[in-house]
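# Secondary and tertiary structure notes
The residues making up each chain are set out below.
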Amino acid sequence: MFRKIVPLLIGAAAGLVIAWAAISLLGSGEAGRSSAEPLRGQIPELSGAGPIALLVLVVALLVMVTILLHEVGHMLGAVAVGSRITRLYWGPLIFRFPERSVRFDLRSKFFFGAMQCDMQPYHDEASFARAIRAQRVVYAAGPAFSLVTGLVAWLLAPGLWSLAGGYALFSVGIGLATLMSDGVNALMLGRRSFALVSAWSMLMQEEQLDESRRAFLMQASLQRLGELAAQPVPSQGRQLHDLYLLYDVKLMRGERQETTPEQTLTQEALSERVGTAKRPKMRRDALDLVLGEEVVRLCEAERTEEADALYAQLGGRESVHSPMLLKARAYMERSEAAVREYEASLTALRSDAGSFGAFRQLEEQRLQQAGLM
């Protein structure tokens, strides 16, 4: 929840700065002061706990309404491109559209607003490109709706301290803040690796695994890994979404033999992982995911010595493991405690936001085949 509200607060602060800057510019000179006066409005004078509490309540409700309208913008984008809306999260309310029900949860991780829609069906490059374009529209629609309605409210507001003025301030703030999240995601979907990783993520969250989409994504992902392996390694290493794509291929392929591009990129990841340079946590986690899955592949291929050597390079049996290495630990140590810990991590994935049934089903099958369940 903290990570969700911070961008909103930053955006609201940015909106406030922009609003006051505009007022200051309008207020320079006699003509400016007279034209800016309606925007300034009358600053309310408050005394006593009651009026202050009422103001706080009104502001909180206004913020929540502004968040709701931001999510409505996403929903309008989904309707425009024909995507099926599945969830709307607003405060403690969870609107579940396929089930035609509403759930109340004060501990909702999306308390400050979110919506979900299905990715459109795809089976080849043309349909996948259409599905990605639709997702980009959905991502961009929220910030765009907030900015447009905020600016309209600003033009119509009798004063900054009116309800319309307050909505304008918060709506523009949220629009600016979410340009750094939703807006960036809309742009990033134009990158091949990011688009493929997003599609893998949505596929694994579903209740049942769609084999036709899995087959297309695997073919497209292997082709992309081939392109990456043929390129020089950037000075800062591969992009995060390239590492996640390598992990998705290792996870979802279910084959013990690697392609040459997989081997090349895995060796690059290992060299970076055992290096002495400091890395951000998110990057360390991505490397651990890739290399942990490589340990599992070696175990399944009965290449025990290689698996032991790689596991030792990642910290081995004596170190405190990253949560990203729980699966590798279960395969290597084969203890009941290690297996149960990984099983618990799989169970914890299930939530109202996504069942992860496809992912859990795949992992349970592999654990059974390895004799760990």
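Attention in this report is confined to the structure presented alongside it. All of these numbers come straight from a predicted model, not from anything done at the bench. Starting from 1, residues in each chain are numbered consecutively following that chain's sequence as written. Only residues with pLDDT of at least 70 get local features here, since the model is predicted, and only at 80 or more are side-chain atom pairs given and counted; chain-wide, interface and lining totals rely on the full set of residues. Only heavy atoms go into the side-chain values, all of them from the structure, while hydrogens and water stay out.

### Regarding the overall build of the chain
Put simply, the rule reads: Note on conventions: DSSP H or I runs of at least 4 residues are helices, E runs of at least 2 residues are strands, and numbering of each starts at the N terminus. Exposed residues in this analysis have more than 50% of their type's maximum accessible area, buried residues have under 20%, and partly exposed residues fall in between, with area computed by a 1.4 Å probe over protein chains only. What makes two residues a contact is simply this: any of their non-hydrogen atoms within 4.5 Å. For the accessible areas, the method is Shrake-Rupley and the probe is 1.4 Å, while residue cover comes only from the protein chains on display.
A count of helices and strands for the chain gives 14 helices and 4 strands. Here the chain, with 373 residues, has 46% of them falling under the buried criterion. Within the chain, contacts between residues separated by at least 24 positions form 64% of all contacts whose residues are at least 6 apart in sequence. Just so you have it, the chain exposes about 19600 Å², and 62% of that area is on carbon and sulfur atoms.

### Remarks on the nonpolar core
We count it as follows: Among the buried residues, those of types Ala, Val, Leu, Ile, Met, Phe, Trp, Tyr and Cys that are joined through side-chain atoms within 4.5 Å form a nonpolar core.
Grouped together as the largest cluster of nonpolar side chains are 59 residues, with contacts concentrated most on Tyr122, Phe128, Trp200, Leu217 and Met252. Excluding anything up to four places from it in sequence, Met252 contacts Trp200, Met204, Leu209, Arg214, Met218 and Leu362.

### Overview of helix H10 (residues 281-300)
For clarity, the cut-off: Expected helix span is computed as 1.5 Å times (number of residues minus one).
Helix length check: H10, at 20 residues, gives a terminal C-alpha distance of 28 Å against a target of 28 Å (1.5 Å per residue), a fit within 8%. Counted residue by residue, H10 has 16 buried out of 20 residues, so it is predominantly covered. Positive phi appears at Glu302, one or two residues downstream of H10, with a value of about 60°.

### A short note on the pattern of salt bridges
Selection criterion: A pairing counts as a salt bridge when a side-chain nitrogen of Lys or Arg comes within 4 Å of a carboxyl oxygen of Asp or Glu.
Counted according to the given criterion, the structure contains 27 salt bridges. In this structure, the salt-bridge partner of Glu268 is Arg238, at a minimum N-O distance of 2.8 Å. Highlighted residues: Glu268 in helix H9 (residues 260-273) and Arg238 in the loop between helix H7 (211-229) and helix H8 (240-253), separated in sequence by 30 residues. In terms of burial, Glu268 and Arg238 fall into one category: buried. The partner of Glu294 in a salt bridge is Arg297, and the shortest N-O contact between them spans 2.8 Å. Of this pair, Glu294 and Arg297 both sit in helix H10, separated by 3 residues, roughly a single helical turn. Note on accessibility: Glu294 and Arg297 belong to one class, buried.

### A word on the side chain of Asp248
Under the convention used in this document: Asp and Glu are treated as the negative residues and Lys and Arg as the positive ones, with His and the ends of the chain left uncounted.
Along the chain, Asp248 falls in helix H8. For the buried Asp248, no salt bridge exists, and the shortest N-O distance to an oppositely charged side chain is 10 Å, to Arg366. Setting aside chain neighbours within four positions, we find Asp248 in contact with Val197, Trp200 and Met204.

### Considering unusual backbone geometry
Even without being a glycine, Arg334 presents a positive backbone phi close to 55°. A relative accessible area of 45% means that Arg334 is categorised as partly exposed. Residues other than glycine seldom take positive phi values, yet Phe356 does so here, at roughly 55°. Turning to its location among the elements, Phe356 is positioned in the loop between helix H13 (336-348) and helix H14 (357-369).

### Here's the deal with the side chain of Ser355
Checked against the element boundaries, Ser355 lands in the loop between H13 and H14. Among residues more than four places away in sequence, those in contact with Ser355 are Gln205, Glu206, Glu207, Arg350 and Arg360.

### Thoughts on the sheet that holds strand E2 (residues 93-96)
Which entries qualify depends on this criterion: In this scheme, strands are said to pair when DSSP sees at least two bridges between them. Orientation is described by lines fitted to C-alpha atoms, with helices fitted over the stretch in contact, and by angles between N-to-C directions that extend from 0 to 180 degrees.
Strand order in the open sheet formed by 4 strands is E3-E2-E1-E4, and the pairing between neighbours is antiparallel. The sheet is open, and its two edges are formed by strand E3 (101-104) and strand E4 (114-117), each paired on a single side. Strand after strand, the sheet turns through a mean of 15° between neighbouring axes, direction not considered.

### A few points about the environment of Leu246
For Leu246, the location among the structural elements is in helix H8. Separated by 45 residues in sequence, Leu246 and Leu291 place their C-alpha atoms 9.9 Å apart. In contact with Leu246, other than residues within four places in its own chain, are Leu225, Glu262, Leu265, Thr266 and Val290.

### Some words on the packing of aromatic side chains
What counts, and what does not: Two rings belonging to Phe, Tyr or Trp (six-membered ring only in the last case) form a pair when the distance between their centres is within 6.5 Å. Interplanar angles under 30 degrees mark stacking, angles over 60 mark edge-to-face geometry, and anything in between is tilted.
With the rule as written, the count across this model stands at 5 aromatic pairs. For the pair Phe128 and Phe216, a centre-to-centre distance of 5.3 Å together with 50° between the ring planes defines the contact as tilted. Of this pair, Phe128 sits in helix H4 (residues 125-156) while Phe216 sits in helix H7, and the two are 88 residues apart along the sequence. Both residues of the pair, Phe128 and Phe216, count as buried. Connected via pairs of aromatic rings, a cluster forms that spans Tyr122, Phe128 and Phe216.

### With respect to the packing of helix H12 (residues 326-333) against H13
Rules: In these notes the angle categories are as follows: under 35 degrees is roughly parallel, over 145 is roughly antiparallel, 65 to 115 is roughly perpendicular, and the rest is oblique. In this scheme, a crossing is called left-handed if the near helix is turned counterclockwise away from the far one by less than a right angle; it is called right-handed if the turn is clockwise. For this classification, the nonpolar set comprises Ala, Val, Leu, Ile, Met, Phe, Trp, Tyr, Cys and Pro, the charged set comprises Asp, Glu, Lys and Arg, and every other residue, Gly included, is treated as polar.
Packing of H12 against H13 brings their axes to within 8 Å, and their N-to-C directions diverge by 150°. As far as their axial angle goes, H13 and H12 are roughly antiparallel. Between H12 and H13 lies a crossing of left-handed hand. On H13, the residues that touch Leu326, Lys327, Arg329, Ala330 and Glu333 of H12 are Ala338, Val339, Glu341, Tyr342 and Ser345. Class assignment for the residues of the contact of H12 with H13 results in 5 nonpolar, 1 polar and 4 charged.

### What about the packing of H8 against H9?
The geometry of H8 relative to H9 is characterised by a closest axis approach of 11 Å and an angle of 125° between their N-to-C directions. Taken together, H8 and H9 sit at an angle that is classed as oblique. For the pair H8 and H9, the sense of crossing is left-handed. In this structure, H8 contributes Leu246, Val249, Lys250 and Arg253 to the contact, and H9 contributes Glu262, Leu265 and Thr266. For the contact of H8 with H9, the residue count by class is 3 nonpolar, 1 polar and 3 charged.

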